[in-house]
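# Inside the fold
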Amino acid sequence: LQKNTAYHKYKWLNYRKLAESVVHEKDTIAGIFYFTTFVKWHPENVERHKMYISALRSAGVEIIHGRFLEKHIQCHKCHQDFKTHEEKQTDVNIALKILGDAVDGLYDKALIISADSDLLPVIKSVQHHTPDKEIGVMFPIGRSSFELRQNAGFRRKMSEELLRDCQFPDEVKIGNTTIKRPPNWR
């Protein structure tokens, strides 16, 4: 979801419910995958993220982790060095999963929820190597990619209403544990 705080209330998104809401009645969901990375330099965010991942797992969503790499860069104006972080492996993990599962015949259609044009090569690769497979896209609200739109086999619309309807309940019971939606995600 975009970083606009107006959409924080939709961060407690149940991707299982979202998938069930956008597939056709005749389609069967073969798998739902959430690609993510922990922001370890913000421990309070990691704890909220872990709770969310627990909720996703309880809904049958498979979690695939990437990582952040610490990077030192120099300001072109003041020439001071500073530390930043760069997300690594997420795009590659998505691409490998989509292409590998297509080649293995694990799906007929896949839906990517992203506006990251770095995913264009995997769409083209699937179309080339497994032309019977179809890749669709759903863009987060306020984001788009002309290249993905032009090359996707189909598109689904993400709306605020869809996000609102596909939230986990405020409390998710997992075995003997109850996890709660973080207060700033309301």
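Our structure is the block above this text.
Rules and cut-offs
Counting restarts for each chain: residues are numbered from 1 in the order of the written sequence. Per-residue local features of the predicted model are confined to residues with pLDDT of at least 70, and side-chain atom pairs are confined, for both listing and counting, to 80 or more; whole-chain, interface and lining totals are unaffected and use all residues. The side-chain values count all of the structure's non-hydrogen atoms but skip hydrogen atoms and water molecules. Between Lys or Arg on one side and Asp or Glu on the other, a salt bridge is scored when a side-chain nitrogen of the former is within 4 Å of a carboxyl oxygen of the latter. Comment: elements are numbered from the N terminus, with helices defined as DSSP H or I runs of at least four residues and strands as E runs of at least two. Per-residue accessibility, obtained with a 1.4 Å probe over protein chains only, is compared with the maximum for each type, and a residue is labelled buried under 20%, exposed over 50%, and partly exposed between these values. This arc corresponds to the set of directions leading from the helix axis out to the C-beta atoms. We call two N or O atoms a polar contact when they sit within 3.5 Å, provided that within protein one can donate a hydrogen and the other can accept it, with sequence-adjacent residues counted only if both atoms are side-chain atoms. Helices are assigned an expected span. That span is 1.5 Å times one less than the residue count.

### Focus on the pattern of salt bridges
In the structure shown here, the tally under the stated rule is 8 salt bridges. Here Glu-160 makes a salt bridge to Lys-9, at a shortest N to O gap of 3.9 Å. Here Glu-160, found in helix H6 (residues 160-165), pairs with Lys-9, found in the segment before helix H1 (15-22); they are 151 residues apart in sequence, far enough to count as distant. Of the residues examined, Lys-9 reaches a relative accessible area of 35% and is grouped as partly exposed. As a salt-bridge pair, Arg-181 and Asp-170 come within 2.8 Å of each other at their nearest N and O atoms. Of the two residues, Arg-181 sits in the segment after strand S9 (177-180) while Asp-170 sits in the loop between H6 and strand S8 (171-174), which places them 11 residues apart along the sequence.

### Some words on H1
Every buried residue of H1 is listed here: Tyr-15, Leu-18, Ala-19 and Val-22. Down the axis of H1, the sector holding all buried residues measures 100°, keeping them to one side. Sitting at the head of H1, Asn-14 places a side-chain oxygen 3.0 Å from the backbone nitrogen of Arg-16.

### Things to note about helix H3 (residues 90-103)
For H3, built from 14 residues, the straight-helix expectation of 20 Å at 1.5 Å per residue is met to within 8% by its first-to-last C-alpha distance of 20 Å. Those residues of H3 that sit buried are Thr-90, Asn-93, Ile-94, Ile-98, Asp-101 and Ala-102. For H3, the angular spread of buried residues about the axis comes to 150°, placing them on one side. Within H3, the exposed residues directed more than 90 degrees away from the buried face are Val-92, Leu-96 and Val-103. With its phi angle positive at about 70°, Gly-105 sits one or two positions after the end of H3.

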